[in-house]
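Secondary and tertiary structure notes
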Amino acid sequence: MMPKECDGPGVRMGILEPRQMTGDCFFSSGQGICSGFQFVEMSSRKLKSNNLKHSECLSQVQRILRERFCHQSLHSNLFGVQVQYKHLIELLKRTAIYGESNSVLIIGPRGSGKTMLINHALKELMEVEEVSENVLQVHLNGLLQINDNIALKEITRQLNLENVVGDKVFGSFAENLSFLLEALKKGDRTSSCPVIFILDEFDLFAHHKNQTLLYNLFDISQSAQTPVAVVGLTCRLCLSEDRSVREVLQKHFNVSKNLRSLHMLLMLALNRVTSSHPFMTAADLMEANQLCSMDSKANIVHGLSVLEICLIIAMKHLNDIYEEEPFNFQMVYNEFQKFVQRKAHSVYNFEKPVVMKAFEHLQQLELIRPMERTSVNAQREYQLMKLLLDSTQIMNALQKYPNCPTDVRQWATSSLSWL
Amino acid sequence: MAHLENLVLCRESQVSTLQSLFGERHHFSFPSIFIYGHTASGKTYVTQTLLKTLELPHVFVNCVECFTLRLLLEQILNKLNHLSSSEDACPTHITCETFNDFVRLFKQVTKAESLKDQTVYIVLDKAEYLRDMEANLLPGFLRLQELTDRNVTVILLSEIVWEKFRPNTGCFEPFVLYFPDYSIGNLQKILSHDHPPEYSADFYAAYINILLGVFYTVCRDLKELRHLAVLNFPKYCEPVVKGEASERDTRKLWRNVEPHLKKAMQTVYLREISSSQWEKIQKDDTDPGQLKGLSAYTHVELPYYSKFILIAAYLASYNPARTDKRFFLKHHGKIKKTNFLKKHEKTSNHLLGPKPFPLDRLLAILYSIVDSRVAATANIFSQCLRCWVSDLQRPHGAPCSAECFLSCRRTFLPTAFLELPLITSLVTLQLLTLVGHDDQLDGPKYKCTVSLDFIRAIARTVNFDIIKYLYDFL
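Position labels on residues start from 1 in each chain and follow its written sequence. Naming scheme: in the order in which they are written, chains are lettered from A and ligands are numbered from 1. Where local features are concerned, this predicted model is filtered to residues with pLDDT of at least 70; where side-chain atom pairs are given and counted, the filter is 80 or more; whole-chain, interface and lining totals use all residues. Hydrogens and water molecules were not included; the side-chain quantities draw on all heavy atoms of the structure.

Per an unreviewed UniProt entry, chain B goes by the name Origin recognition complex subunit 5 isoform X4 and belongs to Equus przewalskii. UniProt positions are given in the numbering used here, feature names are shortened, and annotations may be inferred rather than shown by experiment. According to the UniProt record, the Subcellular location (unreviewed entry) comment for chain B reads "Nucleus". On record in UniProt, under Sequence similarities (unreviewed entry), the comment for chain B is "Belongs to the ORC5 family."

The name given to chain A in an unreviewed UniProt entry is Origin recognition complex subunit 4, and the organism recorded there is Equus przewalskii. One UniProt comment on chain A, placed under Function (unreviewed entry), says "Component of the origin recognition complex (ORC) that binds origins of replication."

Dropping the structure here:
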């Protein structure tokens, strides 16, 4: 899903794409983290066996690793994006030091390292002496600034212009916009402070009305005024969704080439580390993998009552006979009645309102969905619905269903289409 | 934690998973955790109990209450403010209108001394309602740790699976935790836990066994089962209290309570009657067969003629128009049975629902079935256009029979001012509904929205055998 075309003045934009995560990066990143534990082992051998120090050590390790997995704090290694990094830092330096205006769009799937890249670059930039005093940064996020009004106020606040008192920004949208443009236009290459705009979730900004903000930002970056760098970050949908320490990582890599999901897997394994169980073992990683790959709909079906399972089987049969045409409660009840009257020994013939309550519970769990919105006048029994589970899911769930009565199970496998 | 185990039964594994996820107070945890499972599987209870027992700073908000964005955001900020301020100081109410302001104010509030170095937990219950609010809210909360650069973890609780939450363009994936449903053994254990002190645990456990035997195949919701257990226990104890049986006489006790529980399934379980009505019935020892639920037929007392209008409407809704001749004309001649009986089971009208019919068809059927039962004056003001046009000797406005309409099916211009207000009142009672717009050129269309059982009961009161006239029961 590409961001809408930006119809502004001719924009010279660089586009950086962090490469697809390759297997090597994945493994070296994962193993690097796991090998952290070996250091703990070494240092704890050197110390006299002292329980307090040991648990303190563990606590430290947990803290550091949690910061890395959960809080994405910066560490020095950049895997697989060195080329892009060099390009980016070059660009930013040109704006910050030589006053040249630039714009960049960083595109990559979720979790491919875009935010990490820009944060790293900014950190390195700020270490340069002449830059840290001059350059201004404005951080915007498409999730927070959902329209241009809010975005404008945020920019004004972050740049701390004169119409800001404490946190409050005074003035209307038009006033703020003209004030900001004035402030930025007054400058020139040599004497004014360069400003770096970082726009996270860039595609959301492209959806604002008239794209006023983007238009103006890029306009300024083109004309000979205050040097401005505009860096946009946007995700691109990943198409590769198919569904022992190396084996688990390999399996995981086959499922999702996303570093974040790796962090989640490792974090789950990390949770098992306590003072009584100080080292992460292969078994921990296996169990963590199990937790990650549960099928959630199967879990929900596991917890349904027998009556609700019968209704799902009735719907499955209706789907099989009538080829996925939508059904209503009356039809499902009819199928259920046929089963109860002819084959069932363990399922009591429940009254219609009781069956209706079970049906509505399935609707509440979003396992079935009405075809159109419920109107006030329509009777509930005749409203057309669709089942959101397919045949294989139902059969798999039935295998695992606890204490399933045999006649129900048999009914699932063979429909009663002999009338 | 022994104390925790007593409070939370049958959830040891989930409690330990959550505890290990939280880690120590100052540790970072997952930015967002998504807990899903069936209703009454303990998600809210376990999360709240754990956070309270470990005394971690947390805010609990139920998204059902927050139908606007402001309500949600302000609740979170103000509750946090209360947490961080001392007991005497009354903190000022914070207002917040957008998510951008929320992030900014959140950063300020969490700078307070008491919240600075620990993980703050925001728990959002019934999180499925977040999907219907502004589009940036759910992805924003999932990344709150990154957006605010603070040690905060957002916990989402829901019945609905995570796949239905994920936005189209993706988002930060939370850690998904599943709370499995309780097995029958677990339910037995939890329900037996709150036995009243006057009776022994075994006695109560036997009662729970019987209760589960009746209700387990229908409902596994712990809250419903607990409610039913509390309501019906006095009835179970009745023989013991009266001295007719001892506590160990399980057979007798079972025979006493089982029909009562079956009746409960049809009334209190469906909320047809309220729990206080149920308790009253138990105390007064009246026969539960006399219960009048909310949908009881006897509540609707219609006038005699209106009942016929309703019956005619039901026939018009569920019989195809081409079959009217056969049912309602006195001399319909021979109708080929083979053409007539062409039907598949699916197209049985009782499975598809009522069809709309125009007013004139209703009146025609009505006059045909009413015919000899109501005074002929009811028919007087109807007129068949064909008869009026072709038989000019007939004075304008002279009565013409419904038979004429049914056989020739030409335009029928009823001026049925007797029936129209009755029809309107049936629409008000929602037994009929008006379909389409009021100003349709070819007159109003109606639909009959009562069930077969209801109309049979009505027909019985006027001695009309409706089954004989229904196409689906030929």
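Notes on the overall build of chain B
Numbering of helices and strands starts at the N terminus; helices are DSSP runs of H or I of at least 4 residues and strands are runs of E of at least 2. Looking only at helices and strands, one finds 21 helices and eight strands in chain B. Partitioning the intrachain contacts of chain B with sequence separation of at least 6 by distance along the chain shows that 72% fall at a separation of at least 24. Only the protein chains shown count as cover for residues, and all accessible areas are computed by the Shrake-Rupley method using a 1.4 Å probe. Within the structure as shown, chain B displays about 23,100 Å² of accessible surface, and the carbon and sulfur contribution to it stands at 54%. Residues count as neighbours in contact if any of their non-hydrogen atoms are within 4.5 Å of one another.

A short note on the overall build of chain A
Along the backbone of chain A there are 18 helices and nine strands. For every residue, the accessible area (1.4 Å probe, protein chains only) is compared with the maximum for its type, and the residue is labelled buried under 20%, exposed over 50%, or partly exposed between those bounds. For chain A, the residues scored as buried account for 48% of the 419 residues in total. Accessible surface, chain A: about 21,100 Å² in total, of which carbon and sulfur atoms supply 52%.

Notes on the confidence of the model for chain A
Where the model shows low pLDDT, its predicted coordinates should not be examined in detail. All names here are of chain A. Known as pLDDT, the predictor's confidence for each residue is given on a scale from 0 to 100. Summary statistics for chain A give a mean pLDDT of 77 and a share of 76% for residues scoring 70 or more. Mean pLDDT across the elements of chain A bottoms out in helix α1 (residues 23-46) (50) and peaks in helix α16 (residues 352-364) (93). Considering only residues more than four positions removed or in separate chains, one finds that residues 1-13, a stretch of pLDDT under 50, has 29 contacts. Counting interchain partners and residues more than four positions distant, the pLDDT-below-50 stretch residues 238-243 has six contacts.

Thoughts on the packing of aromatic side chains
All names here are of chain B. Within 6.5 Å between ring centres, the rings of Phe, Tyr and Trp (the latter by its six-membered ring) count as paired, and their orientation is classed by plane angle as stacked under 30 degrees, edge-to-face over 60, tilted in between. Summed over the entire model, instances satisfying the criterion amount to 33 aromatic pairs over all chains. Plain terms: the ring middles of F203 and F233 are 6.2 Å apart, the flat faces sit at 65 degrees to each other, and that makes the pair edge-to-face. Here F203 is found in helix α9 (residues 201-215), whereas its partner F233 is found in helix α10 (residues 222-242), with 30 residues between them in sequence. Take F233: its relative accessible area is 9%, and that puts it in the buried class. Following the ring pairs from residue to residue traces out a cluster consisting of Y199, F203, Y204, Y207, F233 and Y236.

Description of the sheet that holds strand β8 (residues 445-448) of chain B
Residues and elements named next belong to chain B. We treat two strands as partners when DSSP finds at least two bridges between them. Sheet architecture is open: three strands sit in the order β6-β8-β7, paired in antiparallel fashion. Whereas interior strands pair on both sides, the edge strands pair on one side only; in this sheet they are β6 (357-358) and β7 (432-435). For β7 and β8, the ladder comprises four bridges, and the chain directions are antiparallel. Bridging across to β8, L434 finds its partner in Y446.

Section: unusual backbone geometry
Note: most residues except glycine have negative phi, and most peptide bonds are trans. Residues other than glycine seldom take positive phi values, yet E324 of chain A does so here, at roughly 65 degrees. Mapped onto the elements of the fold, E324 of chain A is located in the loop between α14 (306-322) and α15 (329-342). In this structure E324 of chain A comes out as exposed when scored by relative accessible area, which is 59%. Despite not being glycine, Q430 of chain B shows a phi value in the positive range, around 65 degrees. Relative to the helices and strands, Q430 of chain B resides in the loop between α20 (419-428) and β7.

Some thoughts on the pairing of strand β3 (residues 120-125) of chain B
Residue and element names in this part refer to chain B. Within β3, six of the six residues are buried, leaving the element largely enclosed by the surrounding structure. The side-chain alternation of β3 yields two buried faces, one formed by V120, I122 and L124 and the other by Y121, V123 and D125. The pairing of strand β2 (residues 58-62) with β3 spans five bridges and is classified as parallel. When the sheet's bridge partners are listed, V61 is paired in β3 with L124. Judged from the five bridges that link them, β3 and strand β4 (residues 152-158) form a sheet pairing that is parallel. Across the sheet, the residue bridging to V123 is I155, located in β4.

Considering the nonpolar core
Counting residues in hydrophobic clusters, the biggest one holds 129 residues, and the most contacted among them are L124 and F141 of chain B. Considering each element in turn, this core owes the most residues, ten residues, to α14 of chain A. Leave out the neighbours within four places in its chain, and L124 of chain B touches V61, C63, L72, I76, L130, F141, V154, I155, L156 and L157 of chain B. Nonpolar cores were defined as sets of buried Ala, Val, Leu, Ile, Met, Phe, Trp, Tyr and Cys residues, with membership established by side-chain atoms within 4.5 Å.

Quick look at helix α4 (residues 69-84) of chain B
Take the number of residues in a helix, subtract one, and multiply by 1.5 Å to get its expected span. Taking 1.5 Å per residue as the helical rise, α4 of chain B with its 16 residues ought to reach 22 Å, and the 23 Å between its terminal C-alpha atoms agrees with that figure. Looking at α4 of chain B, one finds that the buried residues are L69, L72, L73, E74, I76, L77, N78, L80, N81 and S84 of chain B.

Section: helix α11 (residues 259-270) of chain A
All names here are of chain A. For α11, with twelve residues, the first-to-last C-alpha span of 16 Å sits near the 16 Å given by 1.5 Å per residue. Burial runs high along α11: ten of the twelve residues are buried. Within α11, the full set of buried residues consists of S261, L262, H263, M264, L265, L266, M267, L268, A269 and L270.

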